[in-house]
Amino acid sequence: MPDESTPEPQAEPEPQAEPEPQAEKNPKKRNRSFLRELPILIGVALVLTLLIKTFLIQAFFIPSESMERTLHGCAGCTGDRILVEKVGYRLHDPRPGDIVVFRAPPSWEPEATFAKPTNPVRRALNWVGGAFGLPQPNEKDLVKRVIAVGGQTVRCCDAQGRVIVDGHPLDEPYIYENDHRPFGPITVPAGRLWVMGDHRADSADSRFHLEDGNHGTVPVDNVIGRAFVIMWPPSRWNTLGKGG
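Since this is a predicted model, take the numbers as computed values, not measurements.

K.L.:
Please clarify how the overall build of the protein should be interpreted in this entry.
P.N.:
Summing up its helical and strand segments, the protein has two helices and twelve strands in all. Secondary structure elements of the protein, listed N to C terminal, follow the sequence α-β-β-β-α-β-β-β-β-β-β-β-β-β. Expressed as a percentage of the 244 residues in the protein, the buried residues total 35%. Restricting to contacts in the protein with at least 6 residues of sequence separation, those with at least 24 account for 70%. Accessible surface, the protein: about 15,500 Å² in total, of which carbon and sulfur atoms supply 57%.

K.L.:
I tried to follow the state of the cysteines on my own but got confused; where do I start?
P.N.:
Defined simply, a disulfide is a covalent bond joining two cysteines at their sulfur atoms. Per the stated rule, a full pass over the model turns up one disulfide. With a sulfur-sulfur separation of 1.4 Å, Cys 156 is cross-linked through a disulfide to Cys 157.

K.L.:
Help me understand the nonpolar core in this model?
P.N.:
Proteins that are soluble and globular tend to have nonpolar side chains buried together. Among the nonpolar cores identified, the biggest contains 13 residues, and Val 100, Phe 102, Trp 108, Val 146, Leu 193, Val 195 and Val 223 are the most heavily contacted of them. When contributions to this core are tallied by element, the ones reaching two or more residues are β3 (99–103), β4 (141–149) and β9 (192–196). When residues of this core are assigned to their parent elements, the largest contribution, three residues, is made by β4. Listed in part, the twelve residues of the second largest apolar core include Ile 62, Ile 82, Ile 99 and Leu 240.

K.L.:
Would you take a moment to explain the environment of Val 84 for this structure?
P.N.:
Relative to the helices and strands, Val 84 resides in strand β2 (residues 81–85). Remark: the alpha-carbon pair of Val 84 and Val 229, spanning 145 residues in sequence, is separated by 7.5 Å. Ignoring any residue separated from it by four or fewer positions in sequence, one finds Val 84 in contact with Leu 56, Ile 57, Gln 58, Phe 60, Val 101, Ile 224, Gly 225, Arg 226, Ala 227 and Phe 228.

K.L.:
Where do I start with the pattern of salt bridges in this structure?
P.N.:
Inspection of every chain in the model, using the stated rule, returns ten salt bridges. Here Asp 198 ties to Arg 145 by a salt bridge, and the two come within 2.8 Å at their closest N and O atoms. In this pair, Asp 198 sits in the loop between β9 and β10 (218–219) while Arg 145 sits in strand β4, placing the two residues 53 residues apart along the sequence. In this pair, the class of Asp 198 matches that of Arg 145, namely buried.

K.L.:
For this particular structure, what's the right way to read the environment of Asp 202?
P.N.:
Its place among the elements puts Asp 202 in the loop between β9 and β10. C-alpha separation for the pair Asp 202 and Asp 179, spaced 23 residues apart in sequence, amounts to 8.5 Å. Excluding residues that lie within four positions of it along the chain, Asp 202 makes contacts with Glu 65 and Ser 66.

K.L.:
What is the right way to look at the sheet that holds strand β7 (residues 168–169) in this model?
P.N.:
Strands in a sheet are paired, the pairing made by backbone hydrogen bonds, and the direction either parallel or antiparallel. If you walk across this open sheet you meet the four strands as β7-β6-β5-β8, and the pairing is antiparallel. Looking along the sheet, the strands with just one partner apiece sit at the ends: β7 and β8 (183–187). Judged from the three bridges that link them, strand β5 (residues 153–156) and β8 form a sheet pairing that is antiparallel. What sits directly across from Cys 156, in β8, is Phe 183.

Reading the values: the criteria
Residues numbered from 1 in each chain as written. Predicted model: local features only at pLDDT ≥ 70, side-chain atom pairs only at ≥ 80, totals over all residues. Heavy atoms only, no water. Helix = DSSP H or I, 4+ residues; strand = E, 2+ residues; numbered from the N terminus. Buried < 20%, exposed > 50% of the residue type's maximum accessible area, 1.4 Å probe, protein only. Contact = heavy atoms within 4.5 Å. Areas by Shrake-Rupley, 256 points an atom, 1.4 Å probe, with all protein chains shown as cover. Disulfide = S-S within 2.5 Å. Core = buried A, V, L, I, M, F, W, Y, C linked by side-chain atoms within 4.5 Å. Salt bridge = Lys/Arg side-chain N within 4 Å of Asp/Glu carboxyl O. Pairing = 2+ DSSP bridges.

In structure tokens form, the structure reads like this:
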């Protein structure tokens, strides 16, 4: 006889399926949350853009031929857009050979003029674009190369038509269409710069402002920053070398 006290074997319990994750219960609530956050995100992005433009990097449009062929401007040329860094000159003054963007002294005439838009919407868009870093034509922002700094003496020219700084002729392979008009010797005052365009035959630079009371020199305080790269058009993307 079988032993009635022996228990019957128990069947193993079936494994229970994992509970499926619950679907998003309220997608409309999520969308409303994103729409509330969107203005904050846009505001943060605009503030960051403004800070970058003010303290770090700014884009500029080249409107004239004065720096050809290093930089292109003018009607019929490519209209280079350049990036200018502002950090380096917080640590040291501009150096000979640097390509700088600066605010022209009051006595300097604009090298290029622009018709201001009459449409108020267009004017507003230009203002907003300029405020947040898009390059805008500006008659008073000029770009030139630093030739001599405070304490140096500059003159033109030697028998080979070279500019002389502190008695030494400059090697300037970047010059396009030279102009050997004589000037100097001029000792650049402390805190000022002697600047010239690479297109010497078409640049209203320091040479053309000798009677302005400062012998054509530009205050270091007027310098916005150093041009370091051509960012537009893509076919001309290139870095720009530093001075000595």
